[in-house]
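Breakdown of the fold
One letter stands for each residue in the lines below.
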Amino acid sequence: MVNKEILIKLKNKTQDDSAQREFLTKIFQFEDETRGWYDKEYNKFLEEIVPRS
Amino acid sequence: MRITDIYISNYRQYQEIHLEFPKNKEHDLHVIVAQNGIGKTNLLNAINWCLYGDEPHLGDVAKSLPKFNLEAKRQNLSMGITKAEIVVKIIAEDDMQHLEFSRSLLVKLEDNYEYEPEFSVSITFSSGDTDIYENNDADVCVDRYMPKKIRQYFYFDGEQLHNYFTGDNNTNIKETIHAISQVDIVTRVKERLTKITSDKAKGPGNVSDQLDLVNKDISKCEKRIKEIEDLITELDDQIRKSTNIIKVNTEHLQGKDNLPELEAKYAKLKQRLNDLESESDSIKSDIFKFLKEYKIILSFYPSAERTLTLIKDKESKNLLPPNIDKNLLLSMLQEHRCKICDHELTSDDEAKIQQIIQQIQVSSATSNRLMAIKSELARVVNAAPKYPVKKEEILQRKKLNEDNLAEVGKELQDIDNQISKFSDKEQVKKWHHERDEHEKLKIDNLKKQGQFTSEYNNIKVKLDDHKIKRTSILAKMDVAKRMLQLLEFATKSQEIVASIEQEMMDEVKTKMATSTTEYFHKLIWKKNTYSCVTLNENYELDLIHRDDYSCVGSCSAAERALLALSFTLALHKVSGFDSLLFIDTPVARVSDQNRVNFAEVLCEVSKDKQIIMTFTPDEYSSEIKNIFEPAATSSATLNTVNEDATIYNRRT
């Protein structure tokens, strides 16, 4: 399970950016739960979360 | 977490042993005393083997005795038992949980073949519920209480305590602390985001340059297409103009269309007339020659015929002498020698010459004259009969020439009559000329138009290709734009994570340094010598003298061991894994008063934490014993039976 301290710091540093918070939370959850290749998942989260301008 | 019991069956020196670690109210201190070789270190190995499946404190695995206890093996084999189990079971408690860690290994006793070990963890909660984990799940469970990565901070060799901060230990400590505090996850995320941003920064190539190039190609094609379209339009105009002129002039020339032909025919006939007139002059000349020649022939013919007949008659009668010189023959007779071959004449030769001379009646001069005119006479005689035919021939030529002249003259007259009907001869000529010119021009222009159309079609195909390429590049630019957006986002993510990482590393380090200092100040017997403990970026530990000097290098072995202990306790506290300490020979490297001091420290620590220590009898000297015995919750000795099995004798 991801350290609460990490999540608190993450929350504090992304107060003005919900997309960043959502993305990094997903990344940390992924890192906590999964081992192995990350590239595909990271890019998938980026595509899902970063709005197209 | 604290250990309450350890059960060992058939493991190395331990045939069957049960170690108990009860706790009293003040201390949680446990002392085990044993001679060297009895199994102190293997007790440490037994705990490691049970929890982690290995034996890190074994000197040389390859040269070690079999894992299965030798005495137990003999006993089992004597009873006909060929397979038996090694079991190490650790009973522990953590808060209100009851924990049982159990590893068993079936061994084929004849050849010490080891089957797959089985490992299980059972957790019984205060509610009475029990969770059981096996093998890999059990390994994960152990990590929740005493992570394998930092086991050296729970179970360690006292002889090595003073060396804790030398060599590669610092790297291990840093990595371990980062792993415990999950800084390593943050670092991993940061590095992976760096890689992701780096990949995205490479992008789909310099699409902007590619677009410029393809746009230039497109402009070039479009410019040429426009030029060709203009040229084709111009040619269309010219062709249309020529077609109109041809049509109009053809209409103008309706009925007057044959003037040029008439004029050409007239010119041709005129030439023919000239030729015939020349021929007429020639015929007239020939007639004059003919008449002149035959006037002579015909007037001379009778006498010529007679003379020729006479010559032929003489010839037939052989009256004409051969063409021999009579005087030469006479000369030869006089000289009796041949003037031709220069040999002397015989009488027969002379007789023959005499005979020839007698036969020559006509003189040679006359004969020669007759022969000279003979051919001319023959020509006259032969030509004369041909006169009528020749005359007819030449008259025919004359007539034919006259007829032709008359015919050509008539045709010329007819054509002249037709041409003379054209009142606007020059205009008709002009129309003709103009139509001919435009017919040629139209053909040329149609040919050019065909060439330009072909080029136009080729460029059109090229243009389509360039446009497809441009569409593809524009699509790539969209991708690049999106990639840039993701890159900016991921870069910001990476920066956030990097700042979290830095903060966490700083905080963990500060906590570790502060906590180590606190423990050190609490435990050190020299209360006024040292100001604090510091940790640098690489977790290299230093002790700062009260006068602000770095002094870890001049510490005694006991002080360094205390520093290691303080750091270990700080690590337990900061990591949250507040478990026991198992120290094999804790004061082995400490001597004199420091040994007493260090023993007192451990005694003090045991108020807050379970401490299990193993000693040799020498190490467990009277001054140590005096400190530990009153505080020890349990005190035991390990003894050997037949040097093959160790037994546990608890004294308190």
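Before going into details, it helps to say that this report is about the structure given with it. Note that this is a predicted model, so its numbers are computed, not measured. (Residues numbered from 1 in each chain as written. Chains lettered and ligands numbered in written order. Predicted model: local features only at pLDDT ≥ 70, side-chain atom pairs only at ≥ 80, totals over all residues. Heavy atoms only, no water.)

1. Thoughts on the interface of chain B and chain A
Accessible area lost when the parts come together is the quantity often used to give the size of an interface. Each partner contributes residues to the interface: chain B has 26 residues there, and chain A has 31 residues. If you sort the residues of chain B by the area they bury against chain A, Arg192(B), Arg482(B) and Phe489(B) come out on top, with a joint share of 25%. Our count for the contact surface shared by chain B and chain A stands at 7 salt bridges. With its nearest N and O atoms 3.4 Å apart, the salt bridge here joins Arg482(B) to Glu47(A). If you list the elements that add at least two residues to the side of chain B that touches chain A, you get helix H5 (183–202) and helix H12 (425–523) of chain B. Partitioned by chemical class, the residues of the side of chain B that touches chain A number 12 nonpolar, 5 polar and 9 charged. (Contact = heavy atoms within 4.5 Å. Buried area = accessible area lost by both parts, 1.4 Å probe. Salt bridge = Lys/Arg side-chain N within 4 Å of Asp/Glu carboxyl O. Helix = DSSP H or I, 4+ residues; strand = E, 2+ residues; numbered from the N terminus. Nonpolar A, V, L, I, M, F, W, Y, C, P; charged D, E, K, R; others polar.)

2. So, the nonpolar core
As a rule of thumb, soluble globular proteins bury nonpolar side chains together. All names here are of chain B. Core analysis: the biggest nonpolar cluster contains 130 residues, and Ile-8, Phe-101, Tyr-155 and Phe-628 have the highest contact counts within it. In terms of residues, this core owes the most to one element, H12, which gives 13 residues. Non-local contacts of Phe-101, meaning those with residues more than four positions away in its chain, are made with Met-1, Cys-50, Leu-51, Val-88, Lys-89, Ile-90, Ala-92, Phe-119, Ser-120, Val-121, Val-142 and Tyr-145. Core analysis: the second largest hydrophobic core is formed by 15 residues, Ile-287, Val-381, Ala-383 and Ala-384 among them. (Core = buried A, V, L, I, M, F, W, Y, C linked by side-chain atoms within 4.5 Å. Buried < 20%, exposed > 50% of the residue type's maximum accessible area, 1.4 Å probe, protein only.)

3. Topic: a negative patch on the surface
Residues and elements named next belong to chain B. Together, Glu-85, Glu-118, Glu-134, Asp-137, Asp-139 and Asp-143 line one region of the surface with negative charge. Among the elements that take part in the negative patch, helix H3 (residues 135–145) stands out by supplying 3 residues, more than any other. The class of Asp-143 is partly exposed, set by a relative accessible area of 38%. (Patch = residues over 30% accessible without salt bridge, like charges linked within 9 Å, V, L, I, M, F, W, Y side chains within 5 Å. Areas by Shrake-Rupley, 256 points an atom, 1.4 Å probe, with all protein chains shown as cover. Lys, Arg positive; Asp, Glu negative; His and termini not counted. Charge placed at Lys NZ, Arg CZ, Asp CG, Glu CD.)

4. What about the packing of helix H8 (residues 326–335) of chain B against helix H9 (residues 347–359) of chain B?
Residue and element names in this part refer to chain B. Running from amino to carboxyl end, H8 crosses H9 at an angle of 150 degrees, the nearest separation of the two axes being 10 Å. In terms of orientation, H8 lies roughly antiparallel with respect to H9. Read as a crossing pair, H8 and H9 show a hand that is left-handed. Along the contact surface, H8 presents Lys-326, Leu-329, Leu-330, Met-332 and Leu-333, while H9 presents Glu-350, Ile-353, Gln-354, Ile-356 and Ile-357. Its residues placed into classes, the contact of H8 with H9 shows 7 nonpolar, 1 polar and 2 charged. (Axes fitted to C-alpha atoms, helices over the stretch in contact; angles between N-to-C directions. Parallel < 35°, antiparallel > 145°, perpendicular 65-115°, else oblique. Left-handed = near helix turned anticlockwise from the far one by under 90°.)

5. Details of the sheet that holds strand E9 (residues 155–157) of chain B
Residue and element names in this part refer to chain B. Spatially, the 6 strands line up as an open sheet ordered E9-E12-E13-E3-E14-E15, and their pairing is mixed. Across the chains shown, the open sheet's two edge strands, defined by having one partner strand only, are E9 and strand E15 (645–650). Neighbour to neighbour, the strand axes of the sheet diverge by 20 degrees on average, direction disregarded. The sheet contact formed by strand E14 (residues 634–641) and E15 spans 6 bridges and is antiparallel. Paired with Leu-638 across the bridge in E15 is Tyr-648. Together, strand E3 (29–34), strand E12 (581–584) and strand E13 (611–615) form the strand contacts of helix H14 (residues 592–605), whose direction differs from that of E13 by roughly 150 degrees. (Pairing = 2+ DSSP bridges.)

6. Some words on the layout of surface pockets
Approximately 1100 Å³ is the volume found for the largest pocket. Along its surface, the largest pocket is lined by 33 residues, and Met1(A), Ala179(B), Ile180(B), Gln182(B) and Phe577(B) are the ones closest to its centre. For the lining of the largest pocket, the secondary-structure elements that each account for two or more residues are helix H1 (4–13) and helix H2 (18–33) of chain A together with H3, helix H4 (169–180), H5, H12 and helix H13 (557–575) of chain B. For the lining of the largest pocket, the residue count by class is 14 nonpolar, 6 polar and 13 charged. In this structure, the second largest pocket encloses a volume near 430 Å³. (1 Å grid on protein atoms, 1.4 Å probe; cavity = no way out; pocket = protein on both sides within 12 Å on 5 of 7 lines; lining within 4 Å. Points joined across faces, edges and corners; volume = space filled by probe spheres on them.)

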